[in-house]
Amino acid sequence: MKKWHLIIDVEKCEDCNNCFLACKDEHVDNDWPGYSSPQPRHGHRWINIQRKERGKYPMVDVAYLPTPCMHCEQAPCVAKTGGDAVYQRQDGIVLIDPVKAKGRKDLLGACPYGAIYWNKDLDIPQKCTFCAHLLDEGWKEPRCVGACATGAIRALLITDEEMRTTAAAEGLEVLHPEYGTAPRVYYKNLHRFNKCFLGGSVAVMINGREECAEGAKVRLNNGPLVTETTTDCFGDFRFDNLERGGATYLLEITHRDYQSKGLAIDLEQSVTLGTITLVQIAA
Amino acid sequence: MRDGSFCQPCRPFCQIKQGENMKLSVILYSIYQMLKRTARKHPSFRARLHEKNFTAQIKVLEHTEGRYYVFRDGKLSSHSGVRPNPDITLTFSQSALAAKLLMPPHDQLARINAMKNFHMGAEGPDELVQWFMETMSQMMSLSWKYGTDMGGGVIRYTNGSPGGPMFVYVKDGKILRITPIDFDDSDAKSWTIQARGKSFTPQRKTTLSPYSFAWKSMVYSPNRILYPMKRVDFDPHGERNCQQRGISGYERISWDEALDIVASEIKRVRRDYGPGAILGSSGSHHTWGNIGYYLSCRTRFMNLIGWTPVLHNPDSWEGFYWGAMHHWGHSMRLGAPEVYGTVEDCLKECEMIVFWSSDPESTAGVYGAMEGSVRRQWLKDLGIKMVHIDPYYNHTAAWLGGKWIAPRPATGNAMALAIAYVWITEDLYDKEYVAKRTSGFDQWKDYVLGKEDGVPKTPEWQEGETNVPAKDVRALAREWAAKKTYLACGGGAAGVGGAARCATGNEWARAMVCLIAMQGLGKPGINIGNMQCGSPVDVRFFFPGYAEGGMSGDLENTGLSINMYQRMPQLPSMNTSKQVVPRLKLPEAILEGHCEGYPTDPKTIEGQFQKYEYPAPGHSPIQMYYKYGGSFFGTMSDTNRYVKSYRTDKLPFVVNQSIWFEGEAKFADIILPACTNFERWDIGEFANCGGYVHHSFTQCNHRVITMQHKCIEPLGESKSDYQIFLELSQRLGVALLFSEGMTELDWCKQLFDGTDLAGVTSWKKFLRKGYYVVPAPPEELRAPCSYRWFAEGRPKDVPELGPLPADYSEGFGHGLQTQSGKLEFVCSSLERYAPDDPQRPTMTKYIPSWEGHHTQDLYRRYPLQLISPHPRFSFHTMGDGKDSIVNDVKDHRILIDGYFYWIVRINSTDAANRGIVNNELVKVFNDRGAVICAAQITERLSPGTIHSYESSAVYDPVGEPGSSPDRGGCINQLTPARTIIDKSHAVASNSCLVQVVKWDKEQA
């Protein structure tokens, strides 16, 4: 049985908000009987774009994580209503019945991803519907996908087995697998959001002037794991996709003409080391 | 001859005439039959016939032929002959002419030739004549079909916006949704570029800017003005209480009352004060389309009543216009570079791009939606290296990655000089190119090396100005010289925005031209651009942009004369007032009664030197202000000045024609409610503005021309701008000169007929489907790459009409627009005009910002440098405020205590030093004013620099308007009124010192 899945590439998202605004365009003031009641003009984020800045000036990066309803196979919201007020369709889409779910504010707490919002005026819980009302009319994709100009969001109607193959091939992950809800929204380059980087700049003194050290070897040791890189023309290096949480990393910088330098770094979050100046090997 | 007997000598002539009379007689009778038939067929037409009771006479001058039509209680009767005392009369000089003009197809050129030469005339009330002519026109247009039936009662229309064209789904007269346009198989194929073993083809659809997805929420905004209003304490015949503007409320009045007041005020000020008394202005941008645009129907109307226009500064270009232009010309583009073929060249040849104050992912070029984004993704696919120089780690940098270099605001010109220093001292520039294609380099080289002023412009020297480590500048300079590098200087499209809008904007833009010249501008892979412009679309297919004047009839102040006047015949319109007001000095014009300015003139480099003064000789000071929209509080500089200029008796009458009740609209005496372009007819092309941004559609992956269907009826009592101007024209006796007897839809067809569109599709097909994709040309017909001709010493081969023939020293098409025809390091135009101006030397030098870290007293009190770029999620004030859904975008406004606050971005260190936490209310202030914002704490700025977008639509002072903190977010209350240099009309908003403190409500 084919099910709807979303693949979101964090690296391709630039926070243009077209998905978020197209969702509002589709659902604010529009009633889709059998699917959803109108979304309030303000406050709801059926696709919630979260921002993550890493590092410090002058080496930073920013990533965005659009998070809709995960349309989980083992959806706690479905379980909570016994598949009645909230139910999963044959195609995998999880819908809240706007009539049966009236008054069920308790459903907000059921979703570990915080994807359900409360509509005070209508007294109902609401969330992303995967634009099921459009797909049933023959549309090929939900509004968020159609609005995305950078290809950061893809919608696929494939079997779960095919999805697992795709995920393995493309290195996709789900958000918080530990929740155990089997989400049908997959992410690419998720490390930009939930892992750390360690970066810095290497410089040397030449003729009394500070110069960027291009081509220095930088080695990062963390237990058995060793990664290596080379500084670019600005002397910059960066290791990404590092686990956070107090792991100690040993950094070793070597250069043919300069003395090596070692640093131990506790990685609580991304670290910008600033400029590390190497000393010339005495002649 | 009336008895029909002919004298012998003129018998042949009379026989011809008799034949013509017969023909006309048949035509006049068939009009009667057609009117009846249309009424039978179309209920709306039947209803229309109930609107008026009158008699219309059509006749030839000598009464040889005629017919009259009697409209009475919805019934129509008609009789042959000439009737005494009809209500209106259309008169033609001859039967043959009448027959020609009354027979389809409509020949507007013949009609206006007849009007201009008194072969055709109309008598009777304008309103009835207009109604009669519109009724005649509807006999054709009512049968036109438009829109696509999607089933279930849903019709899909098309429309356009400054953020891209769109499908508009409508059900039961209400907009359901707005989407990008997905192309179908019948639409033209897309282009493909082969580069480095890969194929690049854009997606088969259009893109939209974020705020364009918010149009439905803006159409149905609670802030829509739904009926005409009058300020409660404004009495045109008694107390006007001008000081109450911005404070007092409004009451609903009828359209008749509103229009009568405005028309009588126009007559009064003209009668009592003479030419120039009526001031008119709009924002830089309006809703979309060639007919309803401010440069179209509004310009025609204002020219018909005589007005003092508010002259725009080249607001997004500034440093390119007042600075860079002197090095390379390009006056037609306000000093910005050529834009052709660079996408292909960049993909094939370029190895590195330096984005310098360039954030196309935020500014969408201009009107370019997100068309360029996919092309910039290709840069990543090819592994092209990127460097981003910007005080803010902008969205292009964040998305594409690469090296970020953050100079202190308004010091980029110091960094540029240091790069030149490295190239000169390390022999890293293209000496052959500099020798052959440029002039004056040695003189500038001496300055860079410090031979002139004793200060070598070393990387270490620049570090003191920019805070950028000298080693980074050396590394950048060497890498730049080693790689074929594109320079992306300017905000969105090539050469606008960003650092060009600061106190050193001229020198920065000039330095950009000098740097790229040193590396061989125009050689393969070495050019200006950021993939925003220069896609391989068809530049030969003619369709106009809004700056080409639409129906304005204005040959002097729009681009009408270049193409459209010949293609779309229309009556010319000319403003008889010679008086103008510079936009940045508008408050001084009103409050002080005097100001001066310099023109934005694209014709020639020297245009900008022609200083003008207000008031103009023999003209009246301003007595009334016809304001179109309400953006200046958010978009101009030191904008409390603009607030104050409303609250004075020196400005006795203000009318504002606006869609939303916001900004300046709340400072009018009479408010006329206009509708959006979803509620009226128009026609336009994606990202095509024409004018200064010639061939601006090269930003798009496909040229898409849209019929802007009237998707829904105007909300409330609002009307189209065209209709409002028409109804005022009727009260001033100029209705036919305004409309030429046509409706907005007729004008759209007139425009269609005048373009290349009419050669490739039919009006009916285009109107029905709503859009046309212009086929991409075959590879051999793609526009050549910018400046390749110049680099190779060939005649100019890029398809642009500028410079004007007389501006080429060596013959047409040879060299640049400069006096030498070369790229001039020392500018001959400045040597001729003001060789000793220390504010703008003849070659670019380091001139520190007049508001920055060197202005010590001010810097001590206001130690934070504010940059306020064009906004990302709104287009100027469009999209913002209005209870639009854009307000929910986390990086646009932040909801605190039920109010959407504007955002100021501040480094974590600066925030900590002030005890400011994230999403907390702060006061951003200096001597000019105070704005209450929500603080967003970020690492995307270096300490000492803060960031907030300009262009809030909301002005909401907590106390006295003009002198109390604004919680709406008009950050331009804080920016300097001073122009970049004295001899300019140039905003310097990115040079602004401020302080930020936690906001304490008690302070208010």
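Residues numbered from 1 in each chain as written. Chains lettered and ligands numbered in written order. Predicted model: local features only at pLDDT ≥ 70, side-chain atom pairs only at ≥ 80, totals over all residues. Heavy atoms only, no water.

1. Notes on the interface of chain A and chain B
Filter applied, for reference: Contacts are residue-level and defined by heavy atoms, with any inter-residue pair within 4.5 Å sufficient. Buried area: the sum, over both parts, of the accessible surface (1.4 Å probe) that disappears when the two are put together. For this document, the term salt bridge refers to a Lys or Arg side-chain nitrogen within 4 Å of an Asp or Glu carboxyl oxygen. What qualifies as a polar contact is a pair of N or O atoms within 3.5 Å, subject to a donor-acceptor requirement within protein and to the restriction that residues adjacent in sequence count only when both atoms come from side chains. Strands are runs of DSSP state E lasting at least 2 residues, helices are runs of H or I lasting at least 4, and numbering of each runs from the N terminus. By the convention adopted, Pro, Cys, Tyr, Trp, Phe, Met, Ile, Leu, Val and Ala count as nonpolar, Lys, Arg, Asp and Glu as charged, and the other residues, Gly among them, as polar.
With 57 residues of chain A at the contact, the number on the chain B side is 63 residues. Carbon and sulfur atoms supply 49% of the area buried between chain A and chain B, which totals about 4,800 Å² over both sides. Connecting chain A to chain B are nine salt bridges. The salt bridge involving E939 of chain B is made with K56 of chain A; its shortest N-O contact spans 3.3 Å. At the boundary of chain A and chain B, one finds 31 residue pairs in polar contact (both at pLDDT 80 or more). Where the side of chain A that touches chain B is concerned, the elements lending two or more residues are α1 (18–27), β2 (48–56), β3 (59–67), α4 (132–135), α5 (143–147), β10 (196–206) and β11 (209–212) of chain A. Counted by class, the side of chain A that touches chain B contains 23 nonpolar, 13 polar and 21 charged residues.

2. Focus: the domain arrangement of chain A
How big an interface is tends to be stated in terms of the accessible area lost upon association of its parts. All names here are of chain A. We count it as follows: Domain limits in this description derive from either an automatic procedure or a database domain assignment.
Once the domains are mapped, chain A shows domain 1 (3–193) and domain 2 (197–278). The C-alpha centroid of domain 2 is placed 39 Å from the C-alpha centroid of domain 1. At the interface, 11 residues of domain 1 touch 11 residues of domain 2. Considering only the side of domain 1, the residues that lose the most area to domain 2 are R54, M59 and H191, jointly responsible for 64% of the buried surface there. Here R238 and D61 are joined by a salt bridge, their closest N and O atoms 3.3 Å apart. Our count for the domain 1 to domain 2 interface comes out at four residue pairs in polar contact (both at pLDDT 80 or more). Contributing elements (two or more residues each) for the side of domain 1 that touches domain 2: β2, β3 and α7 (191–194). Counting residues per element, the side of domain 1 that touches domain 2 draws most heavily on β2, at four residues.

3. Concerning the sheet that holds strand β12 (residues 229–231) of chain B
Two strands in a sheet stick together by hydrogen bonds in their backbones, pointing the same way (parallel) or opposite ways (antiparallel). All names here are of chain B. The line we're drawing: Any two strands with at least two DSSP bridges between them are considered paired. Where helices are involved, their axes are fitted lines through C-alpha atoms of the stretch in contact, as for all axes, and angles between N-to-C directions lie from 0 to 180°.
On the basis of which strands lie adjacent, the open sheet formed by eight strands has the order β13-β12-β27-β26-β25-β14-β15-β22 and mixed pairing. Among the strands making up the open sheet, the edge pair consists of β13 (250–252) and β22 (581–582). With five bridges joining them, strand β25 (residues 624–628) and strand β26 (residues 653–658) adopt parallel strand pairing. Counted as the bridge partner of Y625 is V654 from β26. Contacts from helix α8 (residues 294–305) reach β14 (278–282) and β25, with the element oriented near 180 degrees to β14. Where helix α24 (residues 721–732) meets the sheet, it contacts β25, β26 and β27 (670–673), and its direction lies at approximately 155 degrees from that of β25.

4. Let's talk about the sheet that holds strand β16 (residues 258–267) of chain A
Residues and elements named next belong to chain A. Within the open sheet, the four strands sit side by side as β13-β12-β15-β16. Their pairing is antiparallel. The strands lining the two open edges of the sheet, one partner per strand, are β13 (225–230) and β16. On average, each strand axis in the sheet is inclined to that of its neighbour by 20 degrees, with strand direction left out of account.

5. A closer look at the nonpolar core
Stated formally: Only buried residues count toward a nonpolar core. Its members are Ala, Val, Leu, Ile, Met, Phe, Trp, Tyr and Cys residues joined through side-chain atoms within 4.5 Å. The buried label applies to any residue whose accessible area, calculated with a 1.4 Å probe on protein chains only, is under 20% of its type's maximum; exposed applies above 50%, and partly exposed to all values in between.
Counting residues in each nonpolar core, the largest one holds 184 residues, and the members touching the most others are I153 of chain A together with W215, F301, Y626, I670 and L672 of chain B. Here this core gets eight residues from one element, more than from any other, and that element is helix α7 (residues 255–273) of chain B. The contact partners of L672 of chain B, leaving out residues within four places of it in the chain, are W255, A258, L259, V262, Y626, V655, N656, Q657, S658 and I724 of chain B.

6. A word on the packing of aromatic side chains
Residues and elements named next belong to chain B. The following threshold applies: Here a pair means two rings of Phe, Tyr or Trp (six-membered ring of Trp) with centres within 6.5 Å. Their orientation is stacked below 30 degrees between planes, edge-to-face above 60, and tilted elsewhere. Criterion for a charge above a ring: Arg CZ or Lys NZ at most 6 Å from the ring centre, at most 35 degrees from the ring normal.
Scanning the entire structure with this criterion turns up 62 aromatic pairs over all chains. On the numbers, 6.3 Å between centres and 75 degrees between planes, the contact of Y433 with F790 is edge-to-face. Placement of the pair is Y433 in helix α15 (residues 431–437) and F790 in helix α29 (residues 788–791), with a sequence separation of 357 residues. You can call Y433 buried: its relative accessible area is 3%. On the basis of relative accessibility, which here comes to 5%, the residue F790 falls in the buried class. Ring pairs connect the aromatic residues Y211, W288, Y293, Y294, Y367, Y546 and F875, which therefore count as one cluster. Across from the ring centre of F167, 3.7 Å away, lies the NZ or CZ of R156, which sits over that ring.

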